[in-house]
Amino acid sequence: MSASYKFQGWMGLDKNSVQGKMEWQEYEPKTWTEDDVDIKITHCGICGSDLHTLRSGWGPTLYPCCVGHEIVGTAVKVGKNVKHFKVGDRVGVGAQSGSCLDCEECAAGMEHYCSKGNVGTYNGKYPDGSKSYGGYGDYCRMPAHFAVPIPAEISSAEAAPMMCGGVTVWSPLVKNGAGPGKRVGIVGVGGLGHFGLLWAKALGCDEVVAISRTNSKKEDAMKMGATKYIATEEKGWNKANSRTLDLIVSTVSSPNMPIAEYLQLLRTNGQFIQVGAPEDKIPSFNVFAFIMKGVKFGGSAIGSPADIAEMLEFAAKHKIHPLIQERPLKDANQAVIDMEKGNARYRYVLVNEKHAAEEKA
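- In the annotation of an unreviewed UniProt entry, the entry for the chain reads alcohol dehydrogenase (NADP(+)), and the organism field reads Hyaloscypha hepaticicola.
- Among the UniProt annotations of the chain, the heading Sequence similarities (unreviewed entry) holds the following wording: "Belongs to the zinc-containing alcohol dehydrogenase family."
- Under the heading Catalytic activity (unreviewed entry), UniProt records this for the chain: "a primary alcohol + NADP(+) = an aldehyde + NADPH + H(+)".

Listed below in structure tokens is the structure:
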């Protein structure tokens, strides 16, 4: 394919764009290098980060901004220095598209914690000053180091939300010992949380406990692999389930989460890992909640390219199927509105219908 394709997509022009006011525009991609890849996008998941960024919730956004960092498509141009895939291969990209590749973290395979040159797949700036643009569009360009081949066993639509939502929960579960002998709680049964239940079950945890505000998602959670369900609107839920879990991964991003009560659910030496990112400060809590049980409180961000590859391999082997709803890319504005309302069950995936049809042809 010639390089005659255009880089264009749904652009957020100001913080009102989250109200379904993105506009379709062309944009200038990053300056090409022989370490890069151009991807013809077929699918892109809608992540909560997209909404936070469109409305400048985590800080000022670099408008115009094309969001979307759960990207799957076909490599149509591959730099000469790229060795792990070739033109025509199906690849995916998550929330990161750049790092220095030289610092202590990068050298240890933790590029997502790079302290010198961390570049988001959208709303970021590369060292040469060019901006990063995401997957709500036709094509995207980024350093190929952050693009991962998709196993044949996983459909593009199902692979897309794994690129950020999936690995964001996979990483803290695996790195904190989720598996046989462990009792794990997942706070929030949404796009991230539903992955937590799927992964924890497939990893062989003794108990997988879904924790949500109401009982409305109980039936779905049990189908995803939960062995127990806790609704925090029920009086005394924290005392009734005190000291029952070894690990909790919290996917919610509400600044009003009942964090002190969540900590009561942990056993001695338990761990609480926060992956949801509120726009405001979380509630205060008493430090004795940690001291008296030897409990650890931590956080986790996305995953490295190696983490994503490991997760995809696991998903292919264990036949993991996320619960997704496919939406046409042309309807991205309405899909964002529906996501904001909490209507997704459990991850919206935008389909570039023209490109997806060409992929199947």
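Examining helix α11 (residues 332-340)
- Along α11, the residues classified as buried are A332, N333, A335, V336, D338 and M339.
- Those residues of α11 that are buried are in contact with β1 (8-11), α1 (48-54), β16 (324-328) and β17 (347-351).
- Taken from the residues just after α11, G342 is the one with a positive phi, measuring 80°.

What about the pattern of salt bridges?
- Applying the stated criterion across every chain yields a total of 14 salt bridges.
- Close ionic contact of K223 with E219 constitutes a salt bridge, the shortest N to O distance being 3.6 Å. With K223 and E219 both in helix α6 (residues 218-224) and four residues apart, the pair spans about one turn of that helix. You'll find K223 and E219 in the same group, each marked exposed.

A word on the side chain of E158
- Locating E158 in the fold gives a position in helix α3 (residues 156-159).
- At a separation of 2.8 Å, a polar atom in the side chain of E158 contacts the side chain of H321.
- Here E158 is in contact with I320, H321, P322 and I324, once residues within four sequence places are set aside.

Comments concerning helix α5 (residues 191-202)
- Taking 1.5 Å as the rise per residue, α5 with twelve residues should run 16 Å; its terminal C-alpha atoms sit 17 Å apart, in good agreement.
- Looking only at α5, the buried set comprises G191, L192, G193, H194, F195, G196, L197, L198, W199 and A200.
- One or two residues past the end of α5 sits G204, with phi positive at roughly 90°.

Quick notes on the domain arrangement of the chain
- Taken as a whole, the chain is organised into domain 1 (8-164 + 303-360) and domain 2 (166-299).
- Taken together, the contact between domain 1 and domain 2 spans 23 residues of the former and 24 residues of the latter.
- Both faces combined, the contact of domain 1 with domain 2 buries some 2,000 Å², and carbon together with sulfur accounts for 64% of it.
- It is M311, F314 and Y346 that lose the most area in domain 1 upon contact with domain 2, and together they represent 31% of the buried surface on that side.
- Linking domain 1 with domain 2 are two salt bridges.

Quick notes on the packing of helix α4 (residues 165-175) against α5
- It is the contact of α4 with α5, at a shortest axis distance of 8 Å, that shows an interaxial angle of 50°. Here α4 lies oblique to α5, going by the angle between them. Regarding α4 and α5, the two cross each other, and that crossing is right-handed. Along its contact with α4, which presents G165, G166, T168, V169, W170 and L173, the element α5 presents L192, F195, G196, W199 and A200.
- Residues of the contact of α4 with α5, tallied by class, amount to seven nonpolar, four polar and no charged.

Quick word on the sheet that holds strand β14 (residues 266-274)
- Taken together, the six strands give an open sheet; going across it, the order is β12-β11-β10-β13-β14-β15, and neighbouring strands pair in parallel fashion. Looking along the sheet, the strands with just one partner apiece sit at the ends: β12 (228-231) and β15 (296-299). Each strand of the sheet is rotated relative to its neighbour by a mean of 20°, with strand direction disregarded.
- Here strand β13 (residues 245-250) pairs with β14 via five bridges, running parallel. Paired with L247 across the two strands is Q271, which belongs to β14.
- Running at roughly 160° to β13, α4 makes contact with β10 (183-187), β13 and β14 of the sheet.

Quick look at the UniProt feature "domain: Enoyl reductase (ER)" (unreviewed entry) in the chain
- Taken from the UniProt record, the annotation "domain: Enoyl reductase (ER)" (unreviewed entry) applies to residues 20-350.
- Annotated as residues 20-350, this span is 24% helix and 25% strand, and its ends, taken at the C-alpha atoms, are 14 Å apart.

Overview of the pairing of strand β11 (residues 207-212)
- Most of β11 sits out of view: five of its six residues are buried.
- Taken together, the five bridges between β10 and β11 define a ladder with parallel strand orientation. Directly across from R183, in β11, lies its bridge partner E207.
- On the question of chirality, the crossover connecting β10 to the parallel β11 by way of α5 is right-handed.
- In this sheet, β12 lies alongside β11 in parallel orientation, the contact comprising four bridges. In the strand pairing of β12, I211 is matched with I230.

With respect to empty space enclosed by the protein
- One pass over the full model with this rule turns up two cavities of 30 Å³ or more.
- Of the voids in this model, the largest cavity is the one considered here, and its volume is about 60 Å³.
- G94, A95, Q96, F146, M163, V167, I302, G303, S304, P305 and I308 are the residues that line the largest cavity.
- For the lining of the largest cavity, the class distribution of residues is seven nonpolar, four polar and no charged.
- Around the second largest cavity, the lining residues are Y27, P29, K30, Y126, K131, S132, Y133 and R141.
- Taken together, the residues of the lining of the second largest cavity break down into four nonpolar, one polar and three charged.

Reading guide: rules and limits
- Residues numbered from 1 in each chain as written.
- Predicted model: local features only at pLDDT ≥ 70, side-chain atom pairs only at ≥ 80, totals over all residues.
- Heavy atoms only, no water.
- UniProt positions renumbered as here; feature names shortened; annotations may be inferred.
- Buried < 20%, exposed > 50% of the residue type's maximum accessible area, 1.4 Å probe, protein only.
- Helix = DSSP H or I, 4+ residues; strand = E, 2+ residues; numbered from the N terminus.
- Contact = heavy atoms within 4.5 Å.
- Salt bridge = Lys/Arg side-chain N within 4 Å of Asp/Glu carboxyl O.
- Polar contact = N/O pair within 3.5 Å; in protein donor to acceptor, adjacent residues only side chain to side chain.
- Expected span 1.5 Å × (residues − 1).
- Domains from an automatic or database assignment.
- Buried area = accessible area lost by both parts, 1.4 Å probe.
- Axes fitted to C-alpha atoms, helices over the stretch in contact; angles between N-to-C directions.
- Parallel < 35°, antiparallel > 145°, perpendicular 65-115°, else oblique.
- Left-handed = near helix turned anticlockwise from the far one by under 90°.
- Nonpolar A, V, L, I, M, F, W, Y, C, P; charged D, E, K, R; others polar.
- Pairing = 2+ DSSP bridges.
- Right-handed = clockwise from strand over helix to strand, strands pointing away.
- 1 Å grid on protein atoms, 1.4 Å probe; cavity = no way out; pocket = protein on both sides within 12 Å on 5 of 7 lines; lining within 4 Å.
- Points joined across faces, edges and corners; volume = space filled by probe spheres on them.

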